[in-house]
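Listed below are the residues making up each chain.
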Amino acid sequence: MNWDETTDDAADPQADRLVGASADREDQAVEAALRPKDLGEFIGQEKVREQLDLVLRAARARGATADHVLLSGAPGLGKTTLSMIIAAEMGAPIRITSGPAIQHAGDLAAILSSLQEGEVLFLDEIHRMSRPAEEMLYMAMEDFRVDVIVGKGPGATAIPLELPPFTLVGATTRAGLLPPPLRDRFGFTAHMEFYEPVELERVIHRSASLLDVEIDTAGAAEISGRSRGTPRIANRLLRRVRDYAQVKADGHITRDIAAAALGVYEVDGRGLDRLDRAVLEALLKLFGGGPVGLSTLAVAVGEERETVEEVAEPFLVREGLLARTPRGRVATPAAWAHLGLTPPQGRTGASGQQDLFGA
């Protein structure tokens, strides 16, 4: 297994958030120990597992390499884990890299030319690959061949290079950015959904067992309810609750211990952290629930516009606490209820229409 260092934790706006879905170096180290080794151990994503199992079994029965696989979905849902399981199920080595690491066609050609027959190439953040490399990948995926350009200008020559059959597993958080010619070359495409609380409880119990942590059913439920439907966040919260339980209690995690620990880390019952609540409180208390422009809202919470839009808003929108409208950001009734505030008279919806017409 080869790892290419492709990301900079300091450049990730979610790197220092306990409920951020991106993985820092600590997460990567822990996840390596917690990852399931086969589809039977993998929790959740029932449809994806069933479909992928059929694809891999059929390929093994034919004695062929598996079709190229595209996995899409939010960070932390298990795309990297599934790529490793694909390699394990096929009995093949895996090469891991990412789109941002491939800035030139030559970078991709060097990786492809060194692949072994049947090897799995995992390409994370495939939507961020450079266009010249992307165009080279078309031919490599379809014909297992690349043309290497030697020389420059009129004297340049294209030398065809045959590649051994391989399986490309592409992962993306933004499938809409992939061009159709690239999407069409994947034989199997799967979208990873957010996990249900019951599924996350199973993830937490499994991780607790591997980490030698004692946790009861209520404690696991408390952590799962604050994990934003994401296994990576659930495992991170479990580690922080474990620390609290070891220092403040007898090491056994109960509902009360989990709630107290996550209260220390400012993660509330719905998984909102300090930034999320700051955005909601500014929207409700300073602007009466909106509508308010994004730039104004960002200034009110002392954050960059991009931080509010890309880090805080997606989860608030998914939870039904905030709505993006043509007139600006608007709080929903659920946001008022979550913070225990009473909305101004006449404001009953997220569209702001009643305020507009003075109803």
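So, here's what we can say about the structure. Just so we're clear, the structure is a prediction, and the values are computed from it rather than from any experiment.

A few points about the packing of helix 11 (residues 274-286) against helix 12 (residues 294-301)
(1) Moving on: Two elements in contact, helix 11 and helix 12, have axes whose closest approach is 9 Å; the angle formed by their N-to-C orientations is 110 degrees. In terms of orientation, helix 11 and helix 12 fall into the roughly perpendicular class. Here helix 11 contributes Ala-278, Val-279, Ala-282, Leu-283 and Leu-286 to the contact with helix 12, which in turn contributes Leu-297, Ala-300 and Val-301.
(2) Moving on: A class-by-class count of the residues in the contact of helix 11 with helix 12 yields eight nonpolar, no polar and no charged.

Regarding the side chain of Glu-201
(1) Moving on: One can find Glu-201 in helix 7 (residues 197-210).
(2) Moving on: Salt bridges are absent for the buried Glu-201, whose nearest opposite-charge side chain, Arg-255, sits at 7.5 Å.
(3) Moving on: Ignoring anything within four residues of it in the chain, the contact list for Glu-201 reads Thr-217, Ala-220, Ala-221 and Ser-224.

Here we look at the nonpolar core
(1) Moving on: Leu-52, Leu-82, Ile-215, Ile-223 and Ile-253 are the most contacted members of the largest nonpolar core, which has 51 residues in total.
(2) Moving on: With seven residues, the single largest contributor to this core is helix 9 (residues 231-248).
(3) Moving on: Counting 24 residues, the second largest nonpolar core, distinct from the first, contains Leu-70, Ala-133, Met-136 and Leu-163.

Notes on the packing of aromatic side chains
(1) Moving on: As enumerated under the stated definition, the model contains one aromatic pair in all.
(2) Moving on: Aromatic pair Phe-144 and Phe-166: ring centres 5.5 Å apart, planes at 80 degrees, arrangement edge-to-face. Highlighted residues: Phe-144 in the loop between helix 5 (131-143) and strand 5 (145-150) and Phe-166 in the loop between strand 6 (157-162) and strand 7 (167-172), separated in sequence by 22 residues.
(3) Moving on: Over the ring of Phe-315 we find Arg-228; its NZ or CZ atom is 3.9 Å from the centre of that ring.
(4) Moving on: Note that Arg-318 overlies the ring of Phe-194, its terminal NZ or CZ placed 3.6 Å from the centroid.

Quick notes on the environment of Met-136
(1) Moving on: Its place among the elements puts Met-136 in helix 5.
(2) Moving on: Given a relative accessible area of 14%, Met-136 falls into the buried group.
(3) Moving on: Distance from Met-136 to Val-148, taken between C-alpha atoms, is 9.3 Å for residues twelve residues apart in sequence.
(4) Moving on: When sequence neighbours within four positions are dropped, the list of residues in contact with Met-136 reads Ala-105, Leu-108, Ala-109, Val-146 and Asp-147.

Rules and cut-offs
- Residues numbered from 1 in each chain as written.
- Predicted model: local features only at pLDDT ≥ 70, side-chain atom pairs only at ≥ 80, totals over all residues.
- Heavy atoms only, no water.
- Axes fitted to C-alpha atoms, helices over the stretch in contact; angles between N-to-C directions.
- Helix = DSSP H or I, 4+ residues; strand = E, 2+ residues; numbered from the N terminus.
- Parallel < 35°, antiparallel > 145°, perpendicular 65-115°, else oblique.
- Contact = heavy atoms within 4.5 Å.
- Nonpolar A, V, L, I, M, F, W, Y, C, P; charged D, E, K, R; others polar.
- Buried < 20%, exposed > 50% of the residue type's maximum accessible area, 1.4 Å probe, protein only.
- Lys, Arg positive; Asp, Glu negative; His and termini not counted.
- Salt bridge = Lys/Arg side-chain N within 4 Å of Asp/Glu carboxyl O.
- Core = buried A, V, L, I, M, F, W, Y, C linked by side-chain atoms within 4.5 Å.
- Phe/Tyr/Trp six-rings, centres within 6.5 Å; stacked < 30°, edge-to-face > 60°.
- Lys NZ or Arg CZ within 6 Å of the ring centre and 35° of its normal.

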